[in-house]
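Now for the letters of each chain:
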Amino acid sequence: MTTEERRTLAWHETLELHELVAFQSTGLMKLKMSINKVNDPGLKELYRRCIRDLEANLRELLKFYPQAAGYQARDEEVREDLGFFAADLLALSKTLVRNLAIAITETATPALRRTFSKQLTGAIQGHERVFNYMHEHGYYPAYDLGRLLGNDMQLAQKALEMRE
């Protein structure tokens, strides 16, 4: 079987697809919620362009979901906004962990490295708290790939359907 003939995504690329769709959906929703608070015409145009770019990205990426192993389409009503706010907090905590880890590798001053390391431990604990909240409330079904991908689709559809 050639690469072009494959009908199912590999597990690792399915998980990368999930991360990118969830991150961009949450970002798109945040941009749409805040664009009307931006008064500067140049910045507002940047927001509009970013919104269009993220919408295009999501439309392209969602086409791959039927090829994802374990994918299950969902017909349920979209969740209340608590899931969005929790996902936004999770994205922030993941980014903080990654940025602190990178900063540690770039730091030559021992006192600053210790500070970054202490903050990294705290950020990891914070990420765990957010993940546990999301998992307990059904916003992040980490052990059920089909539901996880279905949640992604719901979040992306909600983000695409939101008005600016």
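Let me begin by describing the structure that accompanies this report. (Residues numbered from 1 in each chain as written. Predicted model: local features only at pLDDT ≥ 70, side-chain atom pairs only at ≥ 80, totals over all residues. Heavy atoms only, no water.)

**What about the overall build of the protein?**
Helix and strand counts for the protein come out as 5 helices and 0 strands. Of the regular secondary structure in the protein, the N- to C-terminal order runs α-α-α-α-α. Classification of the 164 residues of the protein by burial places 38% in the buried group. Put simply, 75% of the contacts in the protein that link residues at least 6 apart link residues at least 24 apart. (Helix = DSSP H or I, 4+ residues; strand = E, 2+ residues; numbered from the N terminus. Buried < 20%, exposed > 50% of the residue type's maximum accessible area, 1.4 Å probe, protein only. Contact = heavy atoms within 4.5 Å.)

**Thoughts on the packing of aromatic side chains**
Per the stated rule, a full pass over the model turns up 3 aromatic pairs. Judged by centre distance (6.3 Å) and plane angle (35°), the rings of Tyr 133 and Tyr 139 are tilted. With relative accessibility at 10%, the residue Tyr 139 sits in the buried group. (Phe/Tyr/Trp six-rings, centres within 6.5 Å; stacked < 30°, edge-to-face > 60°.)

**Quick look at the packing of helix H2 (residues 41-62) against helix H5 (residues 145-161)**
Across the interface, H2 lies against H5 with an axial gap of 10 Å and an inter-helix angle of 145°. Where H2 crosses over H5, the handedness of that crossing is left-handed. Here H2 contributes Glu 55, Leu 58, Arg 59 and Leu 62 to the contact with H5, which in turn contributes Met 153, Ala 156, Gln 157 and Leu 160. Grouping the constituent residues of the contact of H2 with H5 by class yields 5 nonpolar, 1 polar and 2 charged. (Axes fitted to C-alpha atoms, helices over the stretch in contact; angles between N-to-C directions. Left-handed = near helix turned anticlockwise from the far one by under 90°. Nonpolar A, V, L, I, M, F, W, Y, C, P; charged D, E, K, R; others polar.)

**Examining the nonpolar core**
Formed by 31 residues in total, the largest nonpolar core has its most connected members in Val 21, Leu 28, Leu 62, Tyr 65 and Met 134. Listed by contribution, the elements that provide at least two residues to this core are helix H1 (11-34), H2, helix H3 (81-105), helix H4 (110-136) and H5. Here this core gets 8 residues from one element, more than from any other, and that element is H5. Those residues in contact with Met 134, other than ones at most four positions away along the chain, are Gly 83, Ala 86, Ala 87, Leu 90, Tyr 139 and Tyr 140. Membership of the second largest hydrophobic core comes to 6 residues, among which are Leu 100, Ala 103, Leu 120 and Ala 123. (Core = buried A, V, L, I, M, F, W, Y, C linked by side-chain atoms within 4.5 Å.)

**Quick word on H1**
Look at H1: 35 Å from first C-alpha to last across 24 residues, which is about the 34 Å you get at 1.5 Å a residue. Residues of H1 that are buried sit in contact with H2, H3 and H5. (Expected span 1.5 Å × (residues − 1).)

**Quick look at the side chain of Lys 44**
Structurally, Lys 44 is set in helix H2. It turns out Lys 44 is buried and unbridged, and the closest side chain with the opposite charge, Glu 164, is 7.9 Å from it. (Lys, Arg positive; Asp, Glu negative; His and termini not counted. Salt bridge = Lys/Arg side-chain N within 4 Å of Asp/Glu carboxyl O.)

**Considering the pattern of salt bridges**
For side chains bearing opposite charge, pairing can occur when the charged atoms are close. For the coordinates displayed, the defined rule picks out 6 salt bridges. The closest approach of N and O atoms between Lys 158 and Asp 81, which form a salt bridge, is 2.7 Å. Taken as a pair, Lys 158 in helix H5 and Asp 81 in helix H3 lie far apart in primary sequence, 77 residues in all. We classify Lys 158 as partly exposed; its relative accessible area is 22%.

**Points about H3**
With 25 residues, H3 should reach 36 Å at 1.5 Å per residue; the first-to-last C-alpha distance of 37 Å fits that figure. Buried residues of H3: Gly 83, Phe 84, Ala 86, Ala 87, Leu 90, Ala 91, Ser 93, Lys 94, Leu 100, Ala 103 and Ile 104, and no others. On its buried side, H3 packs onto H1 and H4.

**Some remarks on the packing of H1 against H2**
Close contact between H1 and H2 brings their axes to 10 Å; oriented N to C, the two are set at 150°. Judged by the inter-axis angle, H1 sits roughly antiparallel to H2. For the pair H1 and H2, the sense of crossing is left-handed. When H1 is examined against H2, the residues Leu 17, Leu 20, Val 21, Gln 24, Ser 25, Gly 27, Leu 28, Leu 31, Lys 32 and Ser 34 are found in contact with a partner set consisting of Tyr 47, Cys 50, Ile 51, Leu 54, Glu 55, Asn 57, Leu 58, Leu 61 and Leu 62. (Parallel < 35°, antiparallel > 145°, perpendicular 65-115°, else oblique.)

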